[in-house]
Amino acid sequence: MDAPGHDIPMAKLMLHGDLDHPATLSAADLREWVQHRAEVTFDCATNGPQHHVFEGPLLRDVVAHAGPAFDARRRKDRSRFLIAVSGGDGHHTVLSWAELDADFGNSPVLLATRLDGEDLDEAGCQLVVPTDLCGARYVSAVTHVWFGALSPPSLGM
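The structure displayed is predicted, hence computed values, not measured ones.

Peer 1: What is the right way to read the side chain of glutamine 50 from this model?
Peer 2: Tracing the backbone through its elements, the reader meets glutamine 50 in strand E4 (residues 48-56). A polar side-chain atom of glutamine 50 sits 3.3 Å from a polar atom in the side chain of histidine 52. Contact partners of glutamine 50, with chain neighbours within four places excluded, come to Val40, Thr41, Phe42 and Cys44.

Encoded structure:
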């Protein structure tokens, strides 16, 4: 039990890249967004089928709030942006903005702040991709969410 007045350390993630308002956020901060619930089953390579209930904001809402550096009216501009997510255990994954964008894939990817009814304040947020059948893009203890554009290849040789 913690001594009175002793704060439990909260894991934080850095939201950075081509954003007008980069931020450092904790699970408690992310609970200020509208929370979505995802009951998922996915195949874990090391532990077999996993069944969990996650709650948290949509990743697209968190990134959109940070001011992505694209013209929202131009679909082709939006479709060239990527999101790279890193976890405290060294696990990384990449998503396209188009997967998340309501005009394209509209995938309900979460930055989970709760797992099976328990707050993730100490452990850190978890990236949850409810539409994935395997758990390879689920990232625990998220430390970084980078948002940026795919640049065209140089034509000069």
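Peer 1: Just checking my understanding: could you explain the pairing of strand E5 (residues 81-87) for this structure?
Peer 2: For a regular strand, side-chain orientation follows a simple rule: the groups alternate between the two sheet faces. Of all seven residues that make up E5, five are buried, and the element is covered over most of its length. Where E5 and strand E11 (residues 142-149) come together, seven bridges link them in antiparallel fashion. Bridge pairing links phenylalanine 81 to alanine 149 in E11. Connecting E5 to the antiparallel partner strand E6 (residues 92-96) that follows it, the hairpin turn spans four residues, and glycine 90 within it adopts a positive phi of roughly 90°.

Peer 1: Hey, could you run me through unusual backbone geometry in this one?
Peer 2: Glycine aside, a negative phi is what most residues show, and trans is what most peptide bonds show. One non-glycine residue, aspartate 116, lies in the positive phi region at around 50°. By the element assignment, aspartate 116 lies in the loop between strand E8 (114-115) and strand E9 (118-119). Backbone geometry places alanine 141, a non-glycine residue, at a positive phi of 50°.

Peer 1: Help me out: how do you make sense of the pattern of salt bridges in this one?
Peer 2: Where charged atoms of side chains with opposite charge meet at close range, the side chains can pair. In this structure the tally under the stated criterion is 12 salt bridges. Measuring nitrogen to oxygen at the nearest pair gives 2.6 Å for the salt bridge that ties aspartate 121 to arginine 31. A residue pair is termed long-range when its members are at least 10 positions apart, and aspartate 121 in the loop between E9 and strand E10 (126-128) and arginine 31 in the loop between helix H1 (27-30) and strand E3 (36-44) qualify at 90 residues. Of the charged contacts, one joins arginine 37 and glutamate 39 as a salt bridge, the two residues approaching to 3.6 Å between their closest N and O atoms. For glutamate 39, a relative accessible area of 62% puts it in the exposed group. Here the residues in one salt-bridge network are Arg31, Glu55, Arg114, Asp119 and Asp121, joined through shared partners.

Cut-offs and rules
- Residues numbered from 1 in each chain as written.
- Predicted model: local features only at pLDDT ≥ 70, side-chain atom pairs only at ≥ 80, totals over all residues.
- Heavy atoms only, no water.
- Helix = DSSP H or I, 4+ residues; strand = E, 2+ residues; numbered from the N terminus.
- Polar contact = N/O pair within 3.5 Å; in protein donor to acceptor, adjacent residues only side chain to side chain.
- Contact = heavy atoms within 4.5 Å.
- Buried < 20%, exposed > 50% of the residue type's maximum accessible area, 1.4 Å probe, protein only.
- Pairing = 2+ DSSP bridges.
- Salt bridge = Lys/Arg side-chain N within 4 Å of Asp/Glu carboxyl O.

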